[in-house]
Amino acid sequence: MFTMKSLPKWSLISTIVVSGLFLTGCSEDSEVAGPVILKTAFNQSEHNPQYKALEDFSQKLEAATEGKYKLEIHPNELLGDQRAALELVQSGAIQLAVVANPLVENFNQNFSVLAMPYIYDNPEHQRQVFTNGMLDALFDSSKGNGFEVLTAYTAGARSMYVKGSPIKTPEDMKGKKIRVMQSDTMIKMLECMGGIGVPMGQGEVYSAIQQGVLDGAENNEITYADLKQYEVAPQFSYTGHVMVADLLVANEDFLNKMDAADQATFRKLAKESTVTEFELFDQALEQAKQTAMKQGATFVEVDITPFQERCIPLQETLLKTPEQKDIFNNIRSLAN
Ligand code: GCU
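Predicted model, so just to flag it, every value in this text is computed and none were measured.

(A) Structural detail: the state of the cysteines. Tallied over the entire structure, the rule returns one disulfide. Bridging Cys192 to Cys311, the disulfide has an S-S length of 2.3 Å. An S-S torsion of about 70° defines the bridge between Cys192 and Cys311 as right-handed. A residue pair is termed long-range when its members are at least 10 positions apart, and Cys192 in helix α7 (residues 184–193) and Cys311 in helix α12 (residues 305–318) qualify at 119 residues. With relative accessibility at 1%, the residue Cys311 sits in the buried group.

And the structure:
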């Protein structure tokens, strides 16, 4: 069971290593003029559409607040993996981070609905859910743990990729050790797909596959290509089993201390960055696939019906509370 109580070693190291950096960070009381720097942890590269959406958010924020606030984005897990980054946001050492939904779900089980297998029919369905305000109450309920979820970004649909023969059916998954993100739901999801889920941070995946600790992983085409995971797991099967939200989270104290007008601007622009991010993500997908193919990856279409059927019981066990059922029904009500 994943709880945030067990602090990973990496998280401690990153907290110590980067703490010097924060001394010069966000300080509203500082006598030195200039923007308040919002330190932002990001676990992917500068090429990722989310990075570009954050840059755009920063520029708009700076313009709208007459140079008062600006994001300083630290990509590539420089501030630690997503678990560590979330802890840094909680403690106020940094102000913002993008973390995958499963990390927040460790604090608030209602979030698990956002990353249920096959809950969104397609990217447009997910875009509507993330932009029409239906998740505002859920985001609001994240308060009380030192962070608040501001908005959700798409990370596309995740699919399975392995070394050896491609995955075509749930039977092909038997005994296969596949890396998943660090949450119980992700482990259970892998089980329902027919394999064995091994939780770990993203940065370790390449070498774990290379060394045979894993048979493969599951992710979207952009991360697959950007991290060159095709080199170690070239068989990419379009299982499209889950469209996990990524969440932009902010430190609660920092938000509370902002004056009302700045806070309103900040919240509005954060939400609008989701619209930008969806567009950028869509534009980057095909390019990522082409890059991976040129480097030897094979993309295989699979019949997803048997995978979907095997995941129905998991969907049912994940919907325990009335809130979870409401979120589920609201999301499904927007499906075509
Ligand atoms: C996606 C997602 C990230 C996540 C990563 C992972 O790329 O956008 O937020 O960290 O998958 O598998 O860890």
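(B) Spotlight on the nonpolar core. Residues Leu247 and Val249 are the most contacted members of the largest nonpolar core, which totals 58 residues. When residues in this core are grouped by element, the largest group, five residues, is from α7. Inspection of this core shows a minimum of three residues originating in each of domain 1 (4–154 + 244–286) and domain 2 (158–243 + 291–333). When near neighbours in sequence (up to four residues on either side) are disregarded, Leu247 contacts Ala97, Val98, Val99, Asn101, Val104, Phe111, Phe139, Val149, Thr151 and Ala152. Counting residues in each nonpolar core, the second largest holds 22 residues, with Val36, Leu38, Leu61 and Leu150 among its members.

(C) Layout of the site of the ligand. Among the 13 residues in the neighbourhood of the ligand, the closest are listed as Asn43, Gln44, Arg179, Thr223 and Asp246. Between Gln44 and the ligand, the recorded distance is 2.6 Å, taken from a side-chain N or O atom to an oxygen atom. Relative to its free-state accessible area of 310 Å², the ligand is covered by the protein chains to the extent of 98%. A molecule is said to occupy a pocket when more than half its atoms come within 2 Å of that pocket's grid points, and by this definition the ligand occupies the largest cavity. Residues of the shell around the ligand, tallied by class, amount to three nonpolar, seven polar and three charged. Split by domain, the residues of the shell around the ligand number at least three in each of domain 1 (4–154 + 244–286) and domain 2 (158–243 + 291–333).

(D) Main features of the pattern of salt bridges. One pass over the full model with this rule turns up eleven salt bridges. In this structure, the salt-bridge partner of Asp259 is Lys68, at a minimum N-O distance of 3.4 Å. In this pair, Asp259 sits in the loop between α10 (252–257) and α11 (260–294) while Lys68 sits in the loop between α2 (49–64) and β2 (69–74), placing the two residues 191 residues apart along the sequence. In this structure Lys68 comes out as partly exposed when scored by relative accessible area, which is 33%. For Arg332, the salt bridge goes to Asp121, with nearest N and O atoms at 2.9 Å. On the criterion of sequence distance, the pair formed by Arg332 in helix α13 (residues 322–333) and Asp121 in the loop between α4 (101–105) and α5 (123–131) is long-range, its members being 211 residues apart. Among the residues examined, Asp121 registers a relative accessible area of 41% and is labelled partly exposed.

(E) Structural detail: the pairing of strand β8 (residues 216–219). Residues Gly216 and Glu218 line one face of β8 and the alternating positions Ala217 and Asn219 line the opposite face, and both faces are buried. Alignment of strand β5 (residues 158–162) against β8, held across four bridges, turns out to be antiparallel. From the neighbouring strand, Tyr161 faces β8, where its bridge partner is Ala217. The pairing of strand β6 (residues 177–180) with β8 spans two bridges and is classified as parallel. Each bridged residue has a counterpart across the sheet, and for Arg179 the counterpart in β8 is Ala217.

Thresholds applied
- Residues numbered from 1 in each chain as written.
- Predicted model: local features only at pLDDT ≥ 70, side-chain atom pairs only at ≥ 80, totals over all residues.
- Heavy atoms only, no water.
- Disulfide = S-S within 2.5 Å.
- Helix = DSSP H or I, 4+ residues; strand = E, 2+ residues; numbered from the N terminus.
- Buried < 20%, exposed > 50% of the residue type's maximum accessible area, 1.4 Å probe, protein only.
- Core = buried A, V, L, I, M, F, W, Y, C linked by side-chain atoms within 4.5 Å.
- Domains from an automatic or database assignment.
- Contact = heavy atoms within 4.5 Å.
- Near = heavy atom within 4 Å.
- Polar contact = N/O pair within 3.5 Å; in protein donor to acceptor, adjacent residues only side chain to side chain.
- Areas by Shrake-Rupley, 256 points an atom, 1.4 Å probe, with all protein chains shown as cover.
- 1 Å grid on protein atoms, 1.4 Å probe; cavity = no way out; pocket = protein on both sides within 12 Å on 5 of 7 lines; lining within 4 Å.
- Sits in = over half its atoms within 2 Å of the grid points.
- Nonpolar A, V, L, I, M, F, W, Y, C, P; charged D, E, K, R; others polar.
- Salt bridge = Lys/Arg side-chain N within 4 Å of Asp/Glu carboxyl O.
- Pairing = 2+ DSSP bridges.

Honestly, that's just the spatial picture; any functional story needs more than this.
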